[in-house]
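Coordinates in review
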Amino acid sequence: MISDKARKLFEALDLDMNGTLTREEVITALRTKGPSLAAAGDLPVWGLTDADDSSALFDSADQNGDAVLTLEEFAAVVDRRFGWR
């Protein structure tokens, strides 16, 4: 089951709105939208990371190694890491 918070964060990070996340999208979106997402309570403040940490998050979520994240892959990691599930 995917938490509502993970779904909302995924949609915020999906800059091209194609239903998947690329490494570049995750890095760019966390850098540009991260502070406002944290202020709104949609991302833990400690979830604000630099490019290396964002890239590591991407790698840990990319379970099948296809260089894109589906909502399911993304939620499996962020729900656990952020304590949303």
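Residues numbered from 1 in each chain as written. Predicted model: local features only at pLDDT ≥ 70, side-chain atom pairs only at ≥ 80, totals over all residues. Heavy atoms only, no water.

Named according to an unreviewed UniProt entry, the chain is EF-hand domain-containing protein originating from Streptomyces lavendofoliae.

Another point: the overall build of the chain. Along the chain, the regular secondary structure elements total four helices and two strands. Along the chain direction, N to C, the helices and strands of the chain fall in the order α-β-α-α-β-α. Over its C-alpha atoms the chain spans a radius of gyration of 11 Å, differing by no more than 12% from the 12 Å that the globule rule assigns to 85 residues. C-alpha extents for the chain along the principal axes are approximately 30 × 25 × 20 Å. Put simply, the chain has 85 residues, and 47% of those count as buried. For the chain, the proportion of contacts with a sequence separation of at least 24, taken over those separated by at least 6, is 58%. For the chain, the accessible area works out to roughly 4700 Å², and carbon and sulfur atoms hold 54% of it. Both charge centroids of the chain, one from 9 positive and one from 16 negative side chains, sit 6 Å from each other. (Helix = DSSP H or I, 4+ residues; strand = E, 2+ residues; numbered from the N terminus. Rg over C-alpha atoms; globule rule 2.2 N^0.38 Å. Buried < 20%, exposed > 50% of the residue type's maximum accessible area, 1.4 Å probe, protein only. Contact = heavy atoms within 4.5 Å. Areas by Shrake-Rupley, 256 points an atom, 1.4 Å probe, with all protein chains shown as cover. Lys, Arg positive; Asp, Glu negative; His and termini not counted. Charge placed at Lys NZ, Arg CZ, Asp CG, Glu CD.)

This brings us to helix 3 (residues 51-61). For helix 3, every residue scored as buried is listed here: Ser 54, Ser 55, Leu 57, Phe 58 and Ala 61. The buried side chains of helix 3 occupy one side of the element, clustering within an arc of 155 degrees when seen end-on. Turning to helix 3, the residues buried within the fold contact strand 1 (21-22), helix 2 (23-39), strand 2 (68-69) and helix 4 (71-81). Regarding helix 3, its N-cap is Asp 50, as a side-chain oxygen of that residue lies 3.1 Å from the backbone nitrogen of Asp 52 further along. (Arc of directions from axis to C-beta. Polar contact = N/O pair within 3.5 Å; in protein donor to acceptor, adjacent residues only side chain to side chain.)

Here the focus is the environment of Asp 53. Assignment of secondary structure puts Asp 53 in helix 3. Under the relative-accessibility criterion, Asp 53 is labelled partly exposed at 43%.

What follows covers unusual backbone geometry. One non-glycine residue with positive phi stands out, namely Met 17, at about 50 degrees. Checked against the element boundaries, Met 17 lands in the loop between helix 1 (4-13) and strand 1. Of the residues examined, Met 17 reaches a relative accessible area of 71% and is grouped as exposed. One non-glycine residue, Ala 67, lies in the positive phi region at around 70 degrees.

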